[in-house]
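Architecture and fold: a report
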Amino acid sequence: MNDYDSFAEVYAAENEHSLMNAYYERPAMLALAGDVAGRRILDAGCGAGPLTAELRDRGAVVTGVDASAAMLALARRRLGDEVPLHEADLRDPLPFADESFDDVVASLVLHYLEDWGPTLAELRRVLRPGGRLIASVDHPFVAYTIQEPRPDYFATTSYSFDWEFGGQRFPMKFWRRPLHAMAGAFTAAGFRLVTISEPQPDPAARELFPDDFHSLSTKTAFLFFVLEALAP
Ligand SMILES: C[S@@+](CC[C@H](N)C(=O)[O-])C[C@H]1O[C@@H](n2cnc3c(N)ncnc32)[C@H](O)[C@@H]1O
């Protein structure tokens, strides 16, 4: 069981319409992905499948993988029986043949992993050469500045805080690392850094979330990468 099994329904409901997910993270991922018609895309850490569904609706041939059975049950409900969904831990070898995908999207999942090496090696393996890994993570500066006392910026350190849903608190653990360690992990796994992005939220959210919109427009939150899989 992973943490998300205990609050899958409430998390998915929040994610569906929230400023951070629906008006910031997801539009940014879709913009980076561009035209995906006909592309074979793995959604790594697909959760309840909101991005998987958007990509499918744009003509991609999608597959989802996540470690949470409860999140995958919600994804199944959303996506129907046609989309392959796999329960698997991204720290382990993936159940896909080499070069199975044109793109991998990994939304807000890598920061749950202490060691990116084995995971990125697997994502590289299942991508065809020239394929893309498009990933979003907690911005390394945010995770660094919210912690008291400040950790060693140059170390990879875990941090924890409680998420609150419906009056219940759920302790969450994340891993932060410096920017150069992210870039180094991608390069070591056989990726070329194409784009690093700190996007703005969708302007449509300005009236829906006036205060939070201003805050999000003027502070870092997530960091986005596009990486090209190099030939082995
Ligand atoms: C913040 S949610 C994002 C879900 C989805 N990508 C989205 O944007 O709606 C993080 C997801 O990563 C999954 N996850 C966390 N650690 C994982 C791991 N080691 N292997 C596979 N999935 C993991 C969780 O179960 C959860 O569904």
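Here we summarise the structure given alongside this text. Bear in mind that the values here come from a model prediction, so they are computed numbers and not experimental data.

Turning our eyes to something else, we now look at the packing of helix H2 (residues 19-33) against helix H3 (residues 50-57). Packed helices, taken two at a time, are described by the angle between their axes plus the distance between the axes. In the contact formed by H2 and H3, the axes pass within 11 Å of each other and the chain directions differ by 35 degrees. Relative to H3, H2 is oriented so that their crossing is right-handed. Of H3, the residues touching H2 (which contributes Arg26, Met29, Leu30 and Ala33) are Pro50, Leu51, Glu54 and Leu55. Looking at the contact of H2 with H3, its residues break down into 6 nonpolar, no polar and 2 charged.

The next subject is the packing of aromatic side chains. Throughout the structure, instances matching the rule amount to 26 aromatic pairs. Clustering of aromatic rings is evident, with ring pairs tying together Tyr4, Phe7, Tyr11, Tyr112, Tyr159, Phe161, Trp163, Phe165, Phe170 and Phe174. Lying over the aromatic face of tyrosine 144, arginine 150 brings its terminal NZ or CZ to 5.8 Å of the ring centre.

In this section: unusual backbone geometry. Between glutamate 148 and the following residue, proline 149, the backbone shows a cis peptide bond with an omega angle of -5 degrees. Along the chain, proline 149 falls in the loop between helix H6 (140-145) and strand E6 (157-165). One non-glycine residue, glutamate 99, adopts positive backbone phi at about 55 degrees. Residue placement: glutamate 99 occurs in the loop between strand E3 (85-87) and strand E4 (101-107). A positive phi angle, close to 55 degrees, is found at leucine 108, a residue other than glycine.

Moving on, we get to the sheet that holds strand E5 (residues 127-138). The mixed open sheet is built from 7 strands, whose spatial order is E3-E2-E1-E4-E5-E9-E8. A strand with exactly one partner marks an edge of an open sheet, and here the two such strands are E3 and strand E8 (191-197). Each neighbouring strand pair of the sheet contributes to a mean axis angle of 20 degrees, computed without reference to strand direction. Where strand E1 (residues 40-44) lies against strand E2 (residues 61-66), 5 bridges are found, and the strand directions are parallel. When the bridges of E2 are listed, aspartate 43 appears paired with glycine 64. Of the strands in this sheet, E4, E5, E8 and strand E9 (222-229) touch H2, which is tilted by about 20 degrees from E9. Sheet strands touched by helix H4 (residues 69-79): E2 and E3. Its angle to E3, the strand with the most contacts, is close to 170 degrees.

Rules used throughout
- Residues numbered from 1 in each chain as written.
- Predicted model: local features only at pLDDT ≥ 70, side-chain atom pairs only at ≥ 80, totals over all residues.
- Heavy atoms only, no water.
- Axes fitted to C-alpha atoms, helices over the stretch in contact; angles between N-to-C directions.
- Helix = DSSP H or I, 4+ residues; strand = E, 2+ residues; numbered from the N terminus.
- Left-handed = near helix turned anticlockwise from the far one by under 90°.
- Contact = heavy atoms within 4.5 Å.
- Nonpolar A, V, L, I, M, F, W, Y, C, P; charged D, E, K, R; others polar.
- Phe/Tyr/Trp six-rings, centres within 6.5 Å; stacked < 30°, edge-to-face > 60°.
- Lys NZ or Arg CZ within 6 Å of the ring centre and 35° of its normal.
- Pairing = 2+ DSSP bridges.

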